[in-house]
Amino acid sequence: MAHIFSPLLKATVRPVAFVCFQALAYCLQFCLLRCISIVFYWYQSGFLSAKAFSRRRLESHFYLELMAALLAVLSSGAVHAQVTGSVFRDFNGNGTRESNEPLVPGIIVNVYDATNTLCGTAVSGGATAPNYSVPGCGAGAVRVEFILPNAPTLCVNKVLDGLAHGNGTALSDVRFVNGNSTNVNFGIIDPVQYYPTSSGIEVYIPCYANGDPLPPASPSGAIDWFVGFPYTNSGTTTPARKVNGAVLGAVWGTAYSKQSEKIFTAAFLKRHVGLGTLGTGGIYLLTPSGSTFTVTPFYDMDANGHRTRAAASAVAYGPGSSFNINGAGTIATFLGPVDPLTGQAEGLGVVGTNSVRGLPTALSTPSYDPAAFDQTGKVGLGDIEISDDGRFLFVMNLYSRRLFRLELNNPGNPTSVVDVQSYPIPSVSCNNGVLRPFAVKYYRDKVYIGAVCSGENGGVNNVNGTTDLYAYVFKLDNPTTMSAAFDVTPVITFPLNYRKGSADGGFSDRWYPWTNEAGNFDLVTASRARPSPILSNIEFSDRGDLMLNYMDRHGNQFGYLNRKFLSSVNATLVDPVIGGDILIAGVNCSGTYTLENNAQITSIGGLVVSTSGAGNLQGPGNGEFFHGDIVVHSESSMGAFAVFPGANEFITTFMDPIVIWSE
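The structure presented is a predicted model; accordingly, all values stated were derived computationally and were not measured. (Residues numbered from 1 in each chain as written. Predicted model: local features only at pLDDT ≥ 70, side-chain atom pairs only at ≥ 80, totals over all residues. Heavy atoms only, no water.)

Some points on the sheet that holds strand S25 (residues 402-408)
Working step 1: Spatially, four strands are ordered S23-S24-S25-S26 in an open sheet, and the strand pairing comes out antiparallel. Two strands bound the open sheet, and with one partner strand each, they are strand S23 (381-386) and strand S26 (417-424). Strand-to-strand, the axes of this sheet are offset by a mean angle of 20 degrees, without reference to chain direction.
Working step 2: Here six bridges tie strand S24 (residues 392-397) to S25, and the two strands are oriented antiparallel to one another. Paired with valine 395 across the two strands is phenylalanine 404, which belongs to S25. (Pairing = 2+ DSSP bridges. Helix = DSSP H or I, 4+ residues; strand = E, 2+ residues; numbered from the N terminus. Axes fitted to C-alpha atoms, helices over the stretch in contact; angles between N-to-C directions.)

The structure is reproduced here in C-alpha cells:
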C-alpha cells in the first residue's frame, strides 16, 4: 500500500476544514442569538411573567457565555496559533541547539500560508529561548523562511555565516510546518568556528628559562622552551610535545595554521631570558613531530628591513655607549642619536647578543641585563595572528608601533614571505605617556589590536580618580585586501583606574604607570609587586563579547631570585609577584561594546549576564566578572588565553594555577 504525504495536500485540506469550522460556529452563534430574541418577544407579548423572564434571562446569559467560551476554545487554534523557535549559533554544526550555543538576534523570520501570502513576520532576539514568535497564520500548513540581513552586524554576517548541518545533510533556510509549531529552530555557523568536539585539539604554549639557550650544551637551552598538549589535559599531566630553546629562545605570540598544521611564534624580549637565533625580529615555524617540534627560523623582520630594534649602524651595546646607569643602579638612560623610527635615542633599540647582555648558561646564575629592564614591551615583537585562510600573518612591531601583514607563499606549505604591508596604529594623545600596542586578534574578517596609554613619563593612576592609564582596542578593516585600513575610532576605550585584586598585599591592588626605575616597587608597602598593564591578548566569547587579557609588564622586568637592580652597585636578589587581569565588554549587535560593571555585562539581544564576583572590590564598578582566579594570589593572569568555541570556556596562562610553585 502506498502512503502519499504532501505539504500541498495538507495545505488544501486543512484550510477547507477551517472554513467548515467557521461556518458551523457561525450557525451555532446565530441559533443561540435567535433563541434569545424569541424569549424577549414572548416576554413583551405577555407569554412570560417578569419572574420567569428574569430566570430565563439569567439562563440565556449563561448559555451565551457558555457558547462564547466554547467558541473561544474551538477557535483558539486559529486565533492564537503561532510559530516559535530559536535561531542560534551552531558551533558543532549538528543542527541541534546545545545548552552552550548562544542565541542569535537579527535574523528575519517570514511565514507564508497555503496561498503563498505573507501572514506573519518577526526578527529574532537574543535574550531567551525561543527567541522568535510569529502569530496570525492559523494552525494550517505554513512555510517558514529564515533570512540573514543584507547589512552585516557584529552578530550575524551573511558573507561569513552559513547554514548549520544535521545528520550529514545541509539544512535549508525554509521549513514546512503547521502554523502552531514550536521548536522550529535554525542554526547558523561560521565555518572557521567549527569545533565538533574537544578530542584531538591541542594547546601550544611558550615557556621561559633563565639565561642564554643558544650555546651548545647550555643547561638553559636544554630544558623545555615550547610545549604542546591535549586540550583535555588536567592536573599535572606532562606535556605530550616539547622542544628545547637551542634555536627558539624567548617567544610569546603564537598562531596556528589549520591549512599547514604548523605553528608560527614570534620573538619576545624579556629581561634575564635569551632570544633565539633570529633576535628581536624573529618569527619561527614549528612543525609537530612525534613528541617534539621541528623548529625552523622562518622570517627575520630586521634582516628584511622592518626594524624591531635599532639599525645595524647604531652605537654598540654597553655602558657609556648605548646606555648609562645612575649611581644607585636603578635607571638606565639610553644614549646615541635620535632614531627617526621612534623619536627616542637609538640606544633604546640596541639589544645586543645574549652573551653581551651578560646572560649565563646556568639556570640558577643571576644576571643584571640592564637595558632589557626598560626595553621590554618597547622593543621586539608582540602578539602574532594568522588569517582564517592561512595566507597572512599579522604581527605587532613594538619598536615601530606598527601592525605588519606578511603574505605567505603557500598556506598549505608555507616556506617564505612574498609580500609585506604595515599599518601605523591610530594616533592617540596619551597624557604623560605613549600608546603602547601589543595584542593582535584576527576575528570574523577583522583584525583587532590592543594598546595602553603607558603613563611612562611621570604619569599617575589614582583608584577611581585622576589617571593617565587608558586601554584602547582598534580594528583593521578589510585586513586581507589592498584596501586594509584602521578605523581611527576605537572599538572601546576606558580608564584603568579601577581597583583590582591585590597581587601581593600593600597597594598592589591597582595598575601603576610603566616605569624605567628598577627599585620603584619598593614604594608599594610590603609588596613584591607593582602591576603595570600591557594589553597582551584579545579574544571573543561565544556570544561575541570582547575579552581582554592584561600581562603585567613588571613580571617581564624581573625574574625569580634574580637581580633587582641594574648594576653590581647593588647585588640584591628579588622574588617578584605579578598582577595581571582579565576583563570583558558586552557586545551590542549594532557595533558597540560596553565594559563590565560590578561583575555584569549586557550582551547580544539585551541579555544581561552577571557572576558572583559582584561587590568583591576587584574590578570596574567594584566587582569582577572573571573572579575565579584566586589560588594563591589574586589577579594571577599571565596575559594569554584562547576560547574553545561552543564550550563556553577558555584556557589561560596563570601563575600558580594549582598550588604555589606549580606551572
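Observations concerning the state of the cysteines
Working step 1: Evaluated as defined, the whole model comprises three disulfides.
Working step 2: Each sulfur of the disulfide joining cysteine 155 and cysteine 589 lies 1.9 Å from the other. Across the S-S bond linking cysteine 155 and cysteine 589, the dihedral sits near -85 degrees, which makes this disulfide left-handed. Highlighted residues: cysteine 155 in the loop between strand S6 (141-147) and strand S7 (162-163) and cysteine 589 in the loop between strand S36 (581-588) and strand S37 (592-595), separated in sequence by 434 residues.
Working step 3: With relative accessibility at 17%, the residue cysteine 589 sits in the buried group.
Working step 4: With its disulfide-bonded cysteines labelled consecutively along the sequence, the chain is connected as 1-2, 3-6, 4-5. (Disulfide = S-S within 2.5 Å. Buried < 20%, exposed > 50% of the residue type's maximum accessible area, 1.4 Å probe, protein only.)

Things to note about the nonpolar core
Working step 1: Among the nonpolar cores identified, the biggest contains 54 residues, and Leu546 and Tyr550 are the most heavily contacted of them.
Working step 2: Excluding its chain neighbours within four sequence positions, the residues that come into contact with leucine 546 are Val473, Val491, Ile492, Ile538, Glu539, Phe540, Leu583, Ile584, Ala585 and Tyr593. (Core = buried A, V, L, I, M, F, W, Y, C linked by side-chain atoms within 4.5 Å. Contact = heavy atoms within 4.5 Å.)

A word on the pattern of salt bridges
Working step 1: The tally for this structure, following the rule as stated, stands at 22 salt bridges.
Working step 2: Here arginine 241 and glutamate 202 are joined by a salt bridge, their closest N and O atoms 2.7 Å apart. Of the two residues, arginine 241 sits in strand S14 (residues 241-244) while glutamate 202 sits in strand S12 (residues 202-206), which places them 39 residues apart along the sequence.
Working step 3: Residue glutamate 202 is classed as partly exposed on the basis of its relative accessible area of 27%. (Salt bridge = Lys/Arg side-chain N within 4 Å of Asp/Glu carboxyl O.)

Some points on the pairing of strand S5 (residues 132-135)
Working step 1: Burial of the side chains of S5 is restricted to one face: Tyr132 and Val134 are buried, whereas none of Ser133 and Pro135 on the reverse face is.
Working step 2: Bridging between strand S1 (residues 82-85) and S5 involves four bridges; their strand directions are antiparallel. When the sheet's bridge partners are listed, glycine 85 is paired in S5 with tyrosine 132.

A closer look at a nonpolar patch on the surface
Working step 1: Where nonpolar side chains cluster on the molecular surface, the patch consists of Tyr560, Leu561 and Leu573 and spans about 300 Å² of accessible area.
Working step 2: For tyrosine 560, the location among the structural elements is in the loop between helix H5 (554-557) and strand S34 (562-563). (Patch = residues over 30% accessible without salt bridge, like charges linked within 9 Å, V, L, I, M, F, W, Y side chains within 5 Å. Areas by Shrake-Rupley, 256 points an atom, 1.4 Å probe, with all protein chains shown as cover.)

A few points about the packing of aromatic side chains
Working step 1: The final tally for this structure, using the stated rule, is 22 aromatic pairs.
Working step 2: Pairing tryptophan 511 with tyrosine 550 gives two aromatic rings, centres 5.8 Å apart and planes at 45 degrees, and the pair type is tilted. Placement of tryptophan 511 in the loop between strand S31 (492-495) and strand S32 (533-540) and of tyrosine 550 in strand S33 (residues 546-552) is noted, with a sequence separation of 39 residues between them. Each member of the pair, tryptophan 511 as well as tyrosine 550, is classed as buried.
Working step 3: With 5.2 Å between their ring centres and 85 degrees between their planes, phenylalanine 626 and phenylalanine 650 make a pair best called edge-to-face. Separated by 24 residues along the polypeptide, phenylalanine 626 in the loop between strand S39 (608-610) and strand S40 (637-644) and phenylalanine 650 in strand S41 (residues 649-654) bring together distant segments of the chain.
Working step 4: For phenylalanine 650, a relative accessible area of 26% puts it in the partly exposed group.
Working step 5: Joined through ring pairs, the aromatic side chains of Tyr204, Phe226, Tyr256 and Phe293 make up one cluster.
Working step 6: Across the ring face of tyrosine 112, the terminal group of arginine 143 is positioned such that the distance to the ring centre comes to 4.4 Å. (Phe/Tyr/Trp six-rings, centres within 6.5 Å; stacked < 30°, edge-to-face > 60°. Lys NZ or Arg CZ within 6 Å of the ring centre and 35° of its normal.)

Re the side chain of aspartate 468
Working step 1: Along the chain, the position of aspartate 468 falls in the loop between strand S28 (446-453) and strand S29 (470-477).
Working step 2: No salt bridge forms around the buried aspartate 468; measuring N to O, its nearest opposite-charge neighbour arginine 530 is 11 Å away.
Working step 3: Here the side chain of aspartate 468 touches asparagine 431 through a polar contact of 2.8 Å, side chain to side chain. (Lys, Arg positive; Asp, Glu negative; His and termini not counted. Polar contact = N/O pair within 3.5 Å; in protein donor to acceptor, adjacent residues only side chain to side chain.)

A look at the side chain of asparagine 562
Working step 1: The topology assignment puts asparagine 562 in strand S34.
Working step 2: Excluding anything up to four places from it in sequence, asparagine 562 contacts Asn210, His272, Pro366, Ser367, Thr572, Leu573 and Val574.

Quick notes on the sheet that holds strand S4 (residues 118-123)
Working step 1: Sheet architecture is open: four strands sit in the order S4-S3-S6-S10, paired in antiparallel fashion. The sheet terminates laterally at S4 and strand S10 (174-178), the two strands that pair on one side only. Strand after strand, the sheet turns through a mean of 25 degrees between neighbouring axes, direction not considered.
Working step 2: Relative to S6, strand S3 (residues 108-112) runs antiparallel, the two sharing five bridges. Looking across to S6, one finds that asparagine 110 is bridged to glutamate 145.

What about unusual backbone geometry?
Working step 1: A cis amide bond links alanine 129 to the next residue, proline 130, at an omega of -5 degrees.
Working step 2: Within the element layout of this structure, proline 130 appears in the loop between S4 and S5.
Working step 3: Here the phi dihedral of glutamate 261 falls at roughly 60 degrees; this positive angle occurs in a residue that is not glycine.
Working step 4: Mapped onto the secondary structure, glutamate 261 falls in the loop between strand S15 (251-257) and strand S16 (262-267).
Working step 5: Of the residues examined, glutamate 261 reaches a relative accessible area of 53% and is grouped as exposed.
Working step 6: Its identity is not glycine, yet alanine 599 carries a phi of approximately 70 degrees, on the positive side.

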